[in-house]
Amino acid sequence: MAKSRKRRKRRPRAQAQTALPKSRAPVEPAVRRTARDERPQPLWGSFPLTELTVLVGLIMLILGFATGSFAGTLLIAVGIALASLGGLELAIREHFTGYRSHSVLLALACAMFSAALLYALAAVVFGSVIPVMPVAVGVVVFVPALIALRNAFKRASGGLSFRIGPLRG
């Protein structure tokens, strides 16, 4: 007598993922904040030196606009310089810690500083200035400064050439 064998029909294997009920969506893991994601602290700790510098600059601007004489013009210039230094300090701190890239802003600050220095030097030494020269020097300074600052940010950020993310206060 021949033994009969039952043949089973093979069913496709169930997929490894189990279906979740429609009411529950998969939970995404919480995003861990690293040290690079947090705004860098200034060297002077929690004292708001940058904010106070900008505030004093704004007060001097207001006083300068209220005063109409040469002293008012001087107050406006000093107010702009102080407020700009406060913002520039923050940009430098964020750039060199890898928090945000400010390569163009810092390269432009280098170019403007060198152009202003050349303009003042030429005015004192020669008595007059050819307007094209400070602009040309600014452009010549801007390009290498931009490349160097971009490379510095890449080193500080771990290889990123720029960083865009949600702005957190």
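Right above here is the structure, for reference.
Residues numbered from 1 in each chain as written. Predicted model: local features only at pLDDT ≥ 70, side-chain atom pairs only at ≥ 80, totals over all residues. Heavy atoms only, no water.

**A few points about the nonpolar core**
Then, in step 1: Ala 91, Leu 106, Ala 107, Ala 145 and Leu 149 together form the largest nonpolar core, which totals five residues.
Then, in step 2: Where this core is concerned, the elements lending two or more residues are helix H3 (103–125) and helix H4 (132–157).
Then, in step 3: Excluding its chain neighbours within four sequence positions, the residues that come into contact with Leu 149 are His 95, Phe 96, Ser 103, Leu 106 and Ala 107. (Core = buried A, V, L, I, M, F, W, Y, C linked by side-chain atoms within 4.5 Å. Buried < 20%, exposed > 50% of the residue type's maximum accessible area, 1.4 Å probe, protein only. Helix = DSSP H or I, 4+ residues; strand = E, 2+ residues; numbered from the N terminus. Contact = heavy atoms within 4.5 Å.)

**A word on the packing of aromatic side chains**
Then, in step 1: The tally for this structure, following the rule as stated, stands at zero aromatic pairs.
Then, in step 2: Positioned over the ring face of Tyr 99 is Arg 100, at 4.7 Å from the centre of the ring. (Phe/Tyr/Trp six-rings, centres within 6.5 Å; stacked < 30°, edge-to-face > 60°. Lys NZ or Arg CZ within 6 Å of the ring centre and 35° of its normal.)

**Some details on the packing of H3 against H4**
Then, in step 1: Contact pair H3 / H4: the axes reach a minimum separation of 7 Å and the direction vectors enclose 150°. The pairing of H3 with H4 is recorded here as roughly antiparallel in orientation. When you trace H3 past H4, the crossing you get is right-handed. The segment H3 lies against H4, with Ser 103, Val 104, Leu 106, Ala 107, Leu 108, Cys 110, Ala 111, Ser 114, Ala 115, Leu 118 and Tyr 119 engaging Met 133, Pro 134, Val 137, Gly 138, Val 141, Phe 142, Ala 145, Leu 146, Leu 149 and Arg 150.
Then, in step 2: Along the lines of polarity and charge, the residues of the contact of H3 with H4 split into 17 nonpolar, three polar and one charged. (Axes fitted to C-alpha atoms, helices over the stretch in contact; angles between N-to-C directions. Parallel < 35°, antiparallel > 145°, perpendicular 65-115°, else oblique. Left-handed = near helix turned anticlockwise from the far one by under 90°. Nonpolar A, V, L, I, M, F, W, Y, C, P; charged D, E, K, R; others polar.)

**Some details on a nonpolar patch on the surface**
Then, in step 1: Where nonpolar side chains cluster on the molecular surface, the patch consists of Leu 43, Trp 44, Phe 47, Leu 49, Leu 52, Leu 55, Ile 59 and Leu 63 and spans about 790 Å² of accessible area.
Then, in step 2: Looking at the element boundaries, Leu 52 is found in helix H1 (residues 49–66). (Patch = residues over 30% accessible without salt bridge, like charges linked within 9 Å, V, L, I, M, F, W, Y side chains within 5 Å. Areas by Shrake-Rupley, 256 points an atom, 1.4 Å probe, with all protein chains shown as cover. Salt bridge = Lys/Arg side-chain N within 4 Å of Asp/Glu carboxyl O.)

**Digging into the environment of Met 60**
Then, in step 1: Structurally, the position occupied by Met 60 is in helix H1.
Then, in step 2: For the pair Met 60 and Gly 72, spaced 12 residues apart in the sequence, the C-alpha separation amounts to 8.9 Å.

**Structural notes on H3**
Then, in step 1: The terminal C-alpha atoms of H3 lie 33 Å apart, and with 23 residues this matches the ideal 33 Å at 1.5 Å per residue to within 8%.
Then, in step 2: Listed in full, the buried residues belonging to H3 are Ser 103, Leu 106, Ala 107, Ala 111, Ser 114, Ala 115 and Ala 122.
Then, in step 3: Its buried side turned inward, H3 meets helix H2 (70–96) and H4.
Then, in step 4: Downstream of H3 by a residue or two, Gly 127 has a phi angle that is positive, lying close to 85°. (Expected span 1.5 Å × (residues − 1).)

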